[in-house]
Amino acid sequence: MVKIKVIPISFDSLGVRSMCTQVITEDVNILIDPSVSLAPFRSGYPPHPIELKRMDETWEKILKISEEADVIILTHYHFDHFSWEEPDQFKNKILLIKHPTEKINLSQKGRASYFLKEIKNLPKKLEYCDGKEFKFGKTRIKFSQPVFHGSNPKLGYVVEILIENSEYKFIHTSDVEGPSQKDQTDFILENKPNLVFLDGPLSYMIYKFGLENLDKSIQNMVKIIEECPIESLIIDHHFLRDLRWKEKIAKVYEVAEKRDVKVQCVAEFIGRPVEMLEARRKELYENYPKMEYKAKKKLGGE
């Protein structure tokens, strides 16, 4: 019996910017990157009321699930992955966080400093997790060394996560944007997961991401499928901001089919409709031009 339960909470294919994931084992209840945000502008438009309402609904859900968690993990300091809006979210939790002053860019360093002041004395325990391992009964949580948020250090660094017991291995990549880099990919290949939640390449901004990095990302996805005992490769977040995401990884689907590996976005993985609201923002304004909604949560962006 698999004794690790992986529950996607909020992702881009569910209508918001997020990679929030709950992982429950027989030993511990873990919540990864418990936040949500929206793109301040896309296709020349601010968030549509449908997006704003979805963000608020998702944020309420995240706060409720945060109450259940024993451990909360923050892989980096972009607002779709962490928030200081509700400091009590972290009260009496074991908090494992990306190092706030090392391997970090200036923007995230400032955010991390403010966040730590806001939650001072609230967590039961707080540890920097970069490159470390933690044990909770038979459950092991292993973190990568900091890797690029993307293909260079401009946007800072993130940590990837392995959660495993003797029967099952799950990897959450955080924002590697690909993976296009060797160290990002090696963490996955070396740990041989059964299930991967991958944020995928930044193909909707190909002028910024680059065709070369897209090609590398595709090659590395193929490697993961070929070299790991993987059952499902779940690709979401950045990649699900591109309406043509499936055709751009046709090679990955081809290899996966031969090896009986499922390649899906989160919505498909959990049997929900795919709702790429950000990517369809212009359509939302065309189809629902007169809707109004005032959001409770701040937008955040990234």
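Our structure is the block above this text.
Counting restarts for each chain: residues are numbered from 1 in the order of the written sequence. Side-chain atom pairs in this predicted model are given and counted only at pLDDT of 80 or more, local residue features only at pLDDT of at least 70, and totals for whole chains, interfaces and linings cover all residues. Computation of side-chain values: all heavy atoms of the structure, hydrogens and water removed.

J.: Honestly, unusual backbone geometry in this entry has me stumped. Any pointers?
T.: It is generally the case that most residues other than glycine have a negative phi and that most peptide bonds are trans. Residue Pro179 is reached from Gly178 by a cis peptide bond, and omega for that bond is 10°. The numbering of helices and of strands both runs from the N terminus, where a helix is a DSSP run of H or I of at least 4 residues and a strand a run of E of at least 2. Assignment of secondary structure puts Pro179 in the loop between β12 (169-172) and α3 (182-191). The phi torsion at Asp33 lies on the positive side, around 50°, for a residue other than glycine. Locating Asp33 in the fold gives a position in the loop between β3 (29-32) and α1 (49-68). Assessed through its relative accessible area of 0%, Asp33 is described here as buried. The phi angle at Asp260 is positive, at roughly 60°, despite the residue not being glycine. Relative to the helices and strands, Asp260 resides in the loop between α7 (250-258) and β15 (262-264). Only protein chains enter the accessibility calculation, which uses a 1.4 Å probe; a residue is then buried when its area is under 20% of its type maximum, exposed when over 50%, and partly exposed in between. Judged by its relative accessible area of 71%, Asp260 falls in the exposed class.

J.: Just checking my understanding: could you explain the sheet that holds β12 for this structure?
T.: The strands making up a sheet are joined through hydrogen bonds of the backbone, oriented either antiparallel or parallel. By this definition, two strands are paired if DSSP reports at least two bridges between them. Spatial strand order, β7-β8-β11-β12-β13-β14-β15: seven strands in an open sheet with mixed pairing. The two strands at the open ends of the sheet, each matched to only one other strand, are β7 (133-136) and β15. Taken pair by pair, the neighbouring strands of this sheet meet at an average axis angle of 15°, ignoring direction. As defined by bridge partners, β7 adjoins strand β8 (residues 139-143) across four bridges and the pair is classed as antiparallel. Residue pairing for β8: Phe136 is matched across the bridge by Thr139. Note on definitions: angles span 0 to 180 degrees between N-to-C directions of axes, and those axes are lines fitted to C-alpha atoms, for helices only across the stretch in contact.

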